[in-house]
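Geometric and topological summary
What follows is each chain in one-letter form.
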Amino acid sequence: MNNTFFKILRAGINTTFQDQGRDNLYHMGIPFSGAMDNRNYLFANKLAGNQLDLPVIEFAYQGPHLKFYGNKINIVVTGDVIFKLKIKDKEIDGNCYESYQLENEDEIDILSTNKSVYGYLAIAGEFDLKLQWGSCSINTKANIGSNDGKKLENGQKINISKVNQNLETKKIDYLNSKIENIRIIRGTNFDYFSDEGKKNFLKKEFIVSKLSDRMGMRIEGPMIENIVNTNIKSEGLLKGVIQVPADGNPIIMLSDHGTIGGYPKIAVVASADYDKLVQISPGSKIKFKEIELSDAETLFKLYQMETQNLISQI
């Protein structure tokens with residue numbers, strides 16, 4: 001019998017287990033999935049004293065309210081998140097990027113993200129989860145991953161198979177930077193669109209729609225006119241590809257996107273901007289800025305170096 005676990009008092013919104021995702025399965029129609037904001041995912045594991053590739057709990061907008069049963073465990077929340085802790089019947093406000101120790105029947109209540117979308121909860125140890133195709137990441141659209149491919153639910157137990165002992169609490173000072181200008185490179189169907197449509201895409205503002213999830217971000221704004229064909233033969237997709245369906249409102253492919261699609265592709269989001277892109281909440285304004293492929297590669301290398309430098313300071 002497992003005596004170390006969390007009881008879910010409230011599951012929150014779109015609360016799932018995520019890790020670094022599934023590689024090399026696109027040819028089978030299985031998307032990468034994994035944590036939406038990879039930097040905050042890595043920070044969570046590092047602050048918890050874990051290997052960087054372990055599963056964590058990802059939540060959107062509102063996180064879970066959990067009650068801990070066991071001896072003791074360290075936890076950490078990353079992202080731009082508002083949460084409270086109930087430790088020995090005393091309620092305190094929690095700080096992101098700072099680990100806390102819970103003892104038996106202590107609670108963590110993740111109230112909401114703050115002008116962002118995704119947050120992460122890691123434990124100093126390991127959740128008791130089953131791998132599917134080398135990953136625990138949950139894709140709820142396809143019922144793939146741990147927890148039978150489903151979101152976490154009220155009343156559920158989250159069993160913990162390993163607790164790292166004698167860990168000191170850690171913290172870092174980190175400010176989640178916001179982004180409004182999303183850097184992009186031209187897509188393979190850029191010339192399917194009229195000069196006015198291209199100008200609208202590159203010069204005008206768009207609004208992030210409420211119809212956005214882990215699969216895709218819909219944005220609304222000026223019409224992007226297609227002058228060739230609004231449908232093409234289905235082709236492979238990548239995370240960050242921006243498709244434009246017949247209504248002229250772009251859809252940005254995110255971590256759980258389908259592996260093929262038949263809408264023309266006007267652009268691809270630079271990988272260096274992806275973590276910040278997914279944190280833009282519905283109703284927010286964004287603009288696109290075109291850069292060259294070589295610049296996108298350099299920016300991503302710099303972003304990775306910055307991430308590793310920050311991790312090394314923890």
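Our subject is the structure that appears above.
Parameters at a glance
- Residues numbered from 1 in each chain as written.
- Predicted model: local features only at pLDDT ≥ 70, side-chain atom pairs only at ≥ 80, totals over all residues.
- Heavy atoms only, no water.
- Core = buried A, V, L, I, M, F, W, Y, C linked by side-chain atoms within 4.5 Å.
- Buried < 20%, exposed > 50% of the residue type's maximum accessible area, 1.4 Å probe, protein only.
- Contact = heavy atoms within 4.5 Å.
- Helix = DSSP H or I, 4+ residues; strand = E, 2+ residues; numbered from the N terminus.
- Pairing = 2+ DSSP bridges.
- Phe/Tyr/Trp six-rings, centres within 6.5 Å; stacked < 30°, edge-to-face > 60°.
- Lys NZ or Arg CZ within 6 Å of the ring centre and 35° of its normal.
- Axes fitted to C-alpha atoms, helices over the stretch in contact; angles between N-to-C directions.
- Salt bridge = Lys/Arg side-chain N within 4 Å of Asp/Glu carboxyl O.

Attention now goes to the nonpolar core. Counting residues in each nonpolar core, the largest one holds 71 residues, and the members touching the most others are Phe-6, Ile-75, Phe-201 and Phe-288. In this structure Phe-201 touches Ile-184, Phe-206, Ile-224, Ile-242, Ile-266, Ala-267 and Phe-288, once residues within four positions along its chain are discounted.

Moving on: the pairing of strand β9 (residues 107-113). Of all 7 residues in β9, 5 are buried; the element is thus mostly enclosed. In terms of strand pairing, strand β4 (residues 65-69) meets β9 through 3 bridges, oriented antiparallel. Residue Lys-67 lies in a different strand from β9, and its bridge partner there is Glu-107.

Further remarks concern the packing of aromatic side chains. Scanning the entire structure with this criterion turns up 10 aromatic pairs. Grouping aromatic residues by their ring pairs yields a cluster made of Phe-43, Tyr-97 and Tyr-174. The side chain of Lys-157 reaches across the aromatic face of Phe-5, ending 4.3 Å from its centre. Over the ring of Tyr-274 we find Lys-239; its NZ or CZ atom is 4.5 Å from the centre of that ring.

Our focus in this paragraph is unusual backbone geometry. Of note, the phi angle at Asn-14 is positive, near 50 degrees, even though the residue is not glycine. With respect to the element layout, Asn-14 can be found in the loop between β1 (5-10) and β2 (16-18).

On to helix α2 (residues 195-203). Gly-197, Lys-198, Asn-200, Phe-201 and Leu-202 are the residues of α2 that are buried. Where the residues of α2 are buried, they touch β13 (181-186), β14 (206-208), β17 (241-243), β20 (265-269) and β21 (285-290).

Taken in spatial order, the 7 strands line up as β13-β20-β17-β18-β15-β14-β21 and close into a barrel, and their pairing is mixed. Between one strand axis and the next, the sheet turns by 40 degrees as a mean value, whatever way the strands run. Note that β17 and β20 share 3 bridges and pair antiparallel. Bridging across to β20, Ile-242 finds its partner in Ala-267. In this fold α2 packs onto β13, β14, β17, β20 and β21, with an angle of close to 115 degrees to the strand it touches most, β21.

Summarising the element assignment, Asn-143 is placed in the loop between β11 (125-127) and β12 (157-163). The exposure class of Asn-143 is partly exposed, given its relative accessible area of 43%.

Our focus in this paragraph is the environment of Leu-9. Relative to the elements of secondary structure, Leu-9 occurs in strand β1. Residue classification places Leu-9 among the partly exposed positions, given a relative accessible area of 40%. Along the chain, Leu-9 and Asp-37 lie 28 residues apart, while their C-alpha atoms are 25 Å from each other. Beyond its immediate chain neighbours, meaning those up to four positions away, Leu-9 contacts His-65, Lys-67, Glu-107 and Asn-154.

The next subject is the sheet that holds β2. An order of β2-β3-β10-β5-β8 is seen for the 5 strands of this open sheet, with the pairing classed as antiparallel. For this open sheet the edge positions go to β2 and β8 (100-103), each flanked by a neighbour on one side alone. The sheet shows a mean angle of 35 degrees between the axes of neighbouring strands, direction not considered. Note that strand β5 (residues 72-78) and strand β10 (residues 118-123) share 4 bridges and pair antiparallel. By the bridge assignment for β10, Thr-78 is matched with Tyr-120. Lying over the sheet, helix α1 (residues 38-47) contacts β2, β3 (56-60), β5 and β10, oriented at roughly 155 degrees with respect to β5.

Our next topic: the pattern of salt bridges. Tallied over the full model, the rule gives 13 salt bridges. For Arg-10, the salt bridge identified is with Asp-109, shortest N-O distance 2.9 Å. Note that Arg-10 is positioned in strand β1 and Asp-109 in strand β9, a separation of 99 residues in sequence. In this structure, Lys-88 and Glu-103 form a salt bridge, with 3.3 Å as the shortest nitrogen-oxygen distance. Linking Lys-88 in the loop between β6 (81-87) and β7 (90-93) with Glu-103 in strand β8, this pair joins segments that are 15 residues apart in sequence. Of the residues examined, Lys-88 reaches a relative accessible area of 58% and is grouped as exposed. Counted as one network, the salt bridges with shared partners bring together Glu-58, Arg-214 and Asp-256.

On to α1, then. Across the 10 residues that make up α1, a large majority, 8, are buried. Taken as a whole, α1 has its buried residues at Arg-39, Asn-40, Tyr-41, Leu-42, Phe-43, Ala-44, Asn-45 and Leu-47. Residues of α1 that are buried make contact with β2, β3, β5, β10, α3 (274-277) and α4 (293-312).

A separate point is the pairing of strand β15 (residues 216-220). Each regular strand displays side chains that alternate between the two surfaces of the sheet. As paired strands, β14 and β15 are joined by 2 bridges and run antiparallel to one another. For Val-208, the partnering residue across the bridge sits in β15 and is Ile-219. Relative to strand β18 (residues 251-253), β15 is paired through 3 bridges, and the arrangement is antiparallel. From the neighbouring strand, Arg-218 faces β18, where its bridge partner is Ile-251.

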